[in-house]
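A structural walkthrough
The primary structure of each chain is shown beneath.
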Amino acid sequence: MLSIANKWVLTLKVFGHGIGILLATLLTQIGGLAWIIALMFRRRLLAFLLIYVGLWSATLVVAPQFGRVPLPCHGATLRAQSLFYCATARHYVSPDLAEVAQDAADEMAQRYPGTVTLYLDANLPFWDGFPLLPHLSHDDGEKLDLAFYYTDELGAYLPGKTRSLIGYWAFEALDQHICPEKWPTLRWDFAWLQPLWAKRPLEPVRTGALVQILAADPRISKLFLEPPMAESLVLKGQKLRFQGCRAARHDDHLHVQL
Ligand SMILES: [Zn+2]
């Protein structure tokens, strides 16, 4: 018979694994399944890692049956800003969006040789309606976030580099208050984080050109960019939208959707 203390330990363990499985599923989809299978092994961490790698590789083959394909992790003109996006299987899109992104990146490299276009969060590999948190709309393979382009302090373009570690949250228009201050909102400012980012000014020519190339693509329906950025880059157009004051800011990346 289990003592009361042992029962508590067992309950806490089950609870801990439940939370772990839930978080791993929300973060990567396949992580939760890897966790469950790893529970059958004695060396669970090693088993988890090996099973995860196996599931990750199988997903490359299976996801196309669900209408999603992986973006290139380390392509010459289009690649993940960080291997984190690939390792966590957050780099899946519909075949059409993969083509749009690759075409835009190739066009950028043709206009400005040496240009590398970086993507951030895309979508998880399976099931429409399963959102890629914290982006509620990235749930159908038709949404993709792209990084801006940046320069060094002397203004020379830096291929494959962003200001922040993950490409998000280095805001360009924090001083422009275009939303009511007191609304409950997902519009994070993270003012305390800003001094930590590299001093890399935005590269306006390439960033503006990427927006124009995507806006001209008939397969694209909407692009989200913060209005002060659209103004400073002299960009206009029906597809260029403001996401509204209750959603995350878009002065640190460009949101693209079919
Ligand atoms: Zn987005």
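Quick summary incoming for the structure in this document. (Residues numbered from 1 in each chain as written. Predicted model: local features only at pLDDT ≥ 70, side-chain atom pairs only at ≥ 80, totals over all residues. Heavy atoms only, no water.)

Quick notes on the pairing of strand β5 (residues 143–147)
- Counting buried positions over the 5 residues of β5 gives 5, a clear majority of the element.
- Covered by surrounding structure in β5 are K143, D145 and A147 together with L144 and L146, the residues of both alternating faces.
- Pairing of β5 with strand β8 (residues 253–257) involves 5 bridges; the strand directions are antiparallel. Paired with L144 across the bridge in β8 is V256. (Buried < 20%, exposed > 50% of the residue type's maximum accessible area, 1.4 Å probe, protein only. Helix = DSSP H or I, 4+ residues; strand = E, 2+ residues; numbered from the N terminus. Pairing = 2+ DSSP bridges.)

Thoughts on the coordination of the zinc ion
- Around the zinc ion, the protein supplies H138 (NE2), D145 (OD) and H255 (ND1) as donor atoms, at distances of 2.0 to 2.2 Å.
- As a motif over one chain, the donors of the zinc ion read H-x6-D-x109-H. The same class applies to H138 as to D145, namely buried. (Donors = N, O, S within 2.8 Å, 3.2 Å for Na, K, Ca; no water.)

Some details on the nonpolar core
- Ranked by size, the top nonpolar core spans 43 residues in total, and within it L71, L144, L214, L225 and L254 carry the most contacts.
- Within the residue set of this core, elements represented by two or more residues are β2 (78–80), α4 (83–87), α5 (95–111), β4 (117–119), β5, α6 (204–215), α7 (227–232) and β8.
- If you tally residues by element for this core, the top one is α5, at 7 residues.
- Apart from residues no more than four positions distant in its own chain, L71 is found in contact with L78, H91, V93, A98, A101, Y119, A122 and L144.
- Residues A38, A47, Y52 and A89 belong to the second largest nonpolar core, which totals 10 residues. (Core = buried A, V, L, I, M, F, W, Y, C linked by side-chain atoms within 4.5 Å. Contact = heavy atoms within 4.5 Å.)

Everything listed here is a matter of coordinates, which is why it stays silent on function.
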